[in-house]
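Observations on the model geometry
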Amino acid sequence: MRPNQSLPSGRFAPSPTGRMHLGNIFTALISWLSIKKAGGKWILRIEDIDPQRSKYEYAIQIEDDLRWLGLTWDEGGIANNGENGPYRQSLRQDIYDKYLRKITESGLTYPCFCTRADIMATQAPHQSDGRVIYQGTCRPESLPVKKTTIRSDKPHAIRLFVPDEEISFTDKIFGMQSSNLAHDCGDFVLKRADGAWAYQLAVVIDDALMGVTEVVRGNDLLLSTAQQLYIYRLLGFREPIHAHLPLVCNSQRQRLSKRDQALSMSELRKFHSPEEIIGQVAFMANLIPLYHPCRPTDLIESFDWDKIPRQHLIQV
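The paragraphs below set out a description of the structure included in this document. Please read all numbers here as calculations on a predicted model, not as lab measurements. (Residues numbered from 1 in each chain as written. Predicted model: local features only at pLDDT ≥ 70, side-chain atom pairs only at ≥ 80, totals over all residues. Heavy atoms only, no water.)

To continue, consider the sheet that holds strand 5 (residues 157-160). Strand pairing within a sheet occurs via backbone hydrogen bonds; the two strands may be parallel or antiparallel. The antiparallel open sheet is built from 3 strands, whose spatial order is 4-5-8. Of all the strands in the sheet, just strand 4 (109-112) and strand 8 (188-191) have a single pairing partner and so form its edges. Direction aside, the axes of adjacent strands within the sheet are offset by 45 degrees on average. Pairing between strand 4 and strand 5: 4 bridges, direction antiparallel. (Pairing = 2+ DSSP bridges. Helix = DSSP H or I, 4+ residues; strand = E, 2+ residues; numbered from the N terminus. Axes fitted to C-alpha atoms, helices over the stretch in contact; angles between N-to-C directions.)

Right, dumping it as structure tokens:
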């Protein structure tokens, strides 16, 4: 049963692969403010889909940091509070499998036995962001596939055929966007050869079944949106509104990562109060004209998407 989507719903979906940094807080605050201004609910989903990098203790720390900052959630989290859980991706494997079977029934998926080395050796010139354009080496001669015989003795990924057509959407920050998946990425993976679920599939299923109506995230995922919209349409899900925020970068104009210890929550909490951190993020986002310490609740009434910078990077 799908959730009632009459109530605006946003989500923050961190990966528990390390301590959050200022860029994560930037995204969390704006997502939280947008939904609170609309009178909706904010969902916390733990994206621990990568078993090798995700750690439960990081998920606990993420929740503690959010509470400390005053960014409390209405649904989700480790405790799975809400009717649309579980809210940890590692506990949703059966759900992903159900919807993969549904897509497979369309005849648009096929087994792929290519290794990364195989793909790199045969690829067309890749995108400037490092994406590889798959050349269809394992694609069947005709689609849709009526019946596929999979050699179970050899590991394989499951790929999704993409059509040679434009997929367009309007982003709250960057306006009209359009992508031809056949040219920009090629057929893409839904499930990896090692059995791990692809982010593109998991995030669509999670957002749809949790009733998310607004997706706020960094613009490093802007080019993934067309892939996800394609899956939304194949599964007949309602598409959310998207807003891709500027990425917070350091003094060398490199986007922050969990390796930037000086701007991680472990260091920030040593020297700053929650109000100081929220005030700094609000100032960076143009939500306040001059820096001053404040709480998230102080910013709800004056929040306006038109204030958010229309740029790819924001320097700390």
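After that view, the rundown keeps rolling.
With 76 residues, the main nonpolar core has Phe 26, Ile 30, Leu 66, Phe 188, Ile 231, Trp 305 and Ile 308 as its most contacted residues. Contact partners of Ile 308, with chain neighbours within four places excluded, come to Ile 30, Ile 173, Leu 245, Pro 246, Ala 285, Leu 287 and Phe 303. With 7 residues, the next largest nonpolar core counts Tyr 110, Cys 114, Ile 119 and Val 132 among its residues. (Core = buried A, V, L, I, M, F, W, Y, C linked by side-chain atoms within 4.5 Å. Buried < 20%, exposed > 50% of the residue type's maximum accessible area, 1.4 Å probe, protein only. Contact = heavy atoms within 4.5 Å.)

On to the packing of aromatic side chains. Taken as a whole and judged by the stated rule, the model has 5 aromatic pairs. Plain terms: the ring middles of Tyr 232 and Phe 237 are 6.5 Å apart, the flat faces sit at 80 degrees to each other, and that makes the pair edge-to-face. Given the relative accessible area of 7%, Phe 237 is considered buried. Aromatic side chains Phe 303 and Trp 305 sit 5.5 Å apart centroid to centroid with 80 degrees between the ring planes, which places their arrangement in the edge-to-face category. Accessibility assignment for this pair places Phe 303 and Trp 305 in one class, buried. Across the ring face of Tyr 134, the terminal group of Arg 159 is positioned such that the distance to the ring centre comes to 3.6 Å. (Phe/Tyr/Trp six-rings, centres within 6.5 Å; stacked < 30°, edge-to-face > 60°. Lys NZ or Arg CZ within 6 Å of the ring centre and 35° of its normal.)

This paragraph deals with helix 7 (residues 225-235). Most of helix 7 sits out of view: 9 of its 11 residues are buried. Buried within helix 7 are the following residues: Thr 225, Ala 226, Gln 227, Gln 228, Leu 229, Tyr 230, Ile 231, Tyr 232 and Leu 235. Backbone geometry just after helix 7 places Gly 236 at a positive phi near 75 degrees.

Once that is clear, we can look at the side chain of Ser 9. Note on placement: Ser 9 falls in strand 1 (residues 9-12). When its relative accessible area of 1% is taken as the criterion, Ser 9 is described as buried. Polar contacts involving the side chain of Ser 9 include one to the main-chain carbonyl oxygen of Leu 7, which spans 3.2 Å. In contact with Ser 9, other than residues within four places in its own chain, are Ile 35, Lys 41, Ile 43, Gly 211, Val 212, Thr 213 and Glu 214. (Polar contact = N/O pair within 3.5 Å; in protein donor to acceptor, adjacent residues only side chain to side chain.)

Most of strand 10 (residues 241-245) is tucked away: 4 of the 5 residues are buried. Two elements, strand 9 (residues 214-218) and strand 10, share 5 bridges in a ladder whose sense is parallel. The residue bridging Glu 214 from the neighbouring strand is Ile 241, located in strand 10. Once the chain exits strand 9 it traverses helix 7 before rejoining the sheet at strand 10, and the crossover so formed is right-handed. (Right-handed = clockwise from strand over helix to strand, strands pointing away.)

Per the counting criterion, the structure on display carries 18 salt bridges. Glu 47 is the salt-bridge partner of Arg 45, the closest N and O atoms lying 2.9 Å from each other. Exposure remark for Arg 45: the relative accessible area of 0% places this residue in the buried category. Among the residues examined, Glu 47 registers a relative accessible area of 7% and is labelled buried. With a closest N to O distance of 2.8 Å, Arg 269 and Asp 64 form a salt bridge. Of this pair, Arg 269 sits in helix 8 (residues 265-271) while Asp 64 sits in helix 2 (residues 56-69), and the two are 205 residues apart along the sequence. (Salt bridge = Lys/Arg side-chain N within 4 Å of Asp/Glu carboxyl O.)

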